[in-house]
Amino acid sequence: MSSANPQAHAYEVSDTAEAIEFYYEKGWTDGLPVVPPTEASIRAMLDAGRLEPGQEIAFIENRQISVTAEKAAINAVMAGCKPEYMPVVVAAIEAIGDPQYGYHGPAASTGGSAVFMLVNGPIARELDINCGDNLFGPGWRANATIGRAVRLIMRNAIGTLPGKLDRSTLGHPGKYTYCIAENEAESPWPPVHVERGFRPEQNAVTVFAALAPHQIGNQLSNTAMGVLTTLADGMRISGSVTGQPQYAVVIAGEHMRVIGDDGWSKADIKQFLFDHTHNSIAHLKRTNRMPGAVLPEDETTMRPLVQTPEDIIAIAAGSKAGVFSAFIPGWGGKNASQSVTKEIRRP
Amino acid sequence: MDKQIRIFDPTITPKEQALRYAPRPASLQGKKVGLVENTKYNSDTLLLKIGKILQDEYGVQGMLMRRKRSSGVPAHEEIIRDILAECDVVIAGVGD
């Protein structure tokens, strides 16, 4: 157990209400009130991750910022995390510090992405990370505060401030929090972390620089091809279209059963979506997404939405009821930022 | 009223870096200029226009354009190597 006093600069206030206002005045919140981080709550957070205060969790090269465990813990307390969430927060910060994620691009870009987080493994059930009803909505402490902790660390520790090193033109609500789990218990498919080489009993978080989720509805089809045709049609012109980012698709309850019952694997889903989301160069030019005059050959020259089928992350999650699924366009292009999966290590 | 709660600073100050500008040539006469194309549409057109102005009005003798992998990432190693080997000055930037 860590016994050292926090190294961070301390301030003294009279009560909790004054503390909350103090953090507002300092510009250290996301706009919502924060939980004032005290010595005891910071220590509990560090102990839950068995972390030394000065331990480096990530180094953000472009910003020359070493994110220490203590600063991560302070922000996790502020976000409202329980101490047992800390290993998930740590793994997510390790992931956004990975060069493959390329922190500076998606964090600073006018393109306005959030850090989408998918938690896999038994820890998701233990921490009650929602994978069902109202998947992207409010109501679950773990979803709300783990994602918020990551954003507060980005803001306070890494200096990702709107109008400064976060130049998002629009941003989206996922920048408050954007954390879900996969419905591994009911999914007919292997979970994302297993697809990426982890064992089912391991815990992992996948981060992905993402735009907002887009819902599609299909209550007519009882075949995989029928449902996925609707999904592909929604995806085809979305996000930056020509940048070829990665995508996530969230297949919810009824669609999950229809597609699963048809015997389609995740690989089948990805291949179908890849094959059915090409755009003609002519269309991209006519709609001002590519420059230049439309040439005769542009009518039949096709550009895929993503570089490969594996650039689509397929996730089983969402309510059992309802005929809706979603796609999530990634930020920018795969050449600038890729999804990263890290193991969640628990003491 | 006595102060009763100690609360802590969540921010981090970046490591200080000593940055210095490369020495500027007194003149561009006879120099070769590197142009780092950032992949955004029309960035190549803009850079070539700038290069032409430098040739026509400032006596630049040659240009070398290299394309980044994406506007969102720094120039990769080969670009830096080529420009170091061949160019006297370089123009790079990103914007919308």
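Scroll up a little and you will see the structure.
Calculation criteria
Residues numbered from 1 in each chain as written. Chains lettered and ligands numbered in written order. Predicted model: local features only at pLDDT ≥ 70, side-chain atom pairs only at ≥ 80, totals over all residues. Heavy atoms only, no water. Pairing = 2+ DSSP bridges. Helix = DSSP H or I, 4+ residues; strand = E, 2+ residues; numbered from the N terminus. Axes fitted to C-alpha atoms, helices over the stretch in contact; angles between N-to-C directions. Contact = heavy atoms within 4.5 Å. Buried < 20%, exposed > 50% of the residue type's maximum accessible area, 1.4 Å probe, protein only. Arc of directions from axis to C-beta. Polar contact = N/O pair within 3.5 Å; in protein donor to acceptor, adjacent residues only side chain to side chain.

> Help me out: how do you make sense of the sheet that holds strand β4 (residues 89–91) of chain B in this one?
Residue and element names in this part refer to chain B. The three strands are arranged β3-β2-β4 in an open sheet whose pairing can be described as parallel. Edge positions in the sheet fall to β3 (62–67) and β4, since each of these pairs with one other strand and no more. Strand-to-strand twist of the sheet, defined as the mean angle between neighbouring strand axes without regard to direction, takes the value 25°. Against the sheet, helix α2 (residues 77–86) touches β2 (32–37), β3 and β4, its axis set at about 170° to β3.

> Please explain unusual backbone geometry as it appears in this structure.
With the exception of glycine, most residues fall at negative phi, and the peptide bonds are largely trans. All names here are of chain A. One non-glycine residue with positive phi stands out, namely glutamine 244, at about 50°. Positionally, glutamine 244 belongs in the loop between α9 (224–236) and β8 (247–251). Looking at glutamine 244, the relative accessible area reads 13%, which means it is buried. Positive phi, normally seen in glycine, also occurs at asparagine 288, with a value near 65°. Locating asparagine 288 in the fold gives a position in the loop between α12 (281–286) and β10 (302–303).

> I keep staring at helix α1 (residues 16–26) of chain A and nothing clicks. Help me out?
Three or four residues apart is the spacing at which side chains of an α-helix point the same way, because the helix has 3.6 residues per turn. Listed as buried for α1(A) are Ala19(A), Phe22(A) and Tyr23(A). Looking straight down α1(A), one finds that the buried residues subtend no more than 95° of arc, so they occupy a single side. Buried residues in α1(A) make contact with β1 (10–13) and α3 (69–79) of chain A together with β1 (5–8) of chain B. One side-chain oxygen of the residue at the start of α1(A) lies 3.3 Å from the amide nitrogen of Ala17(A), identifying that residue as Asp15(A). Positive backbone phi, at 75°, marks Gly27(A), one or two positions downstream of α1(A).

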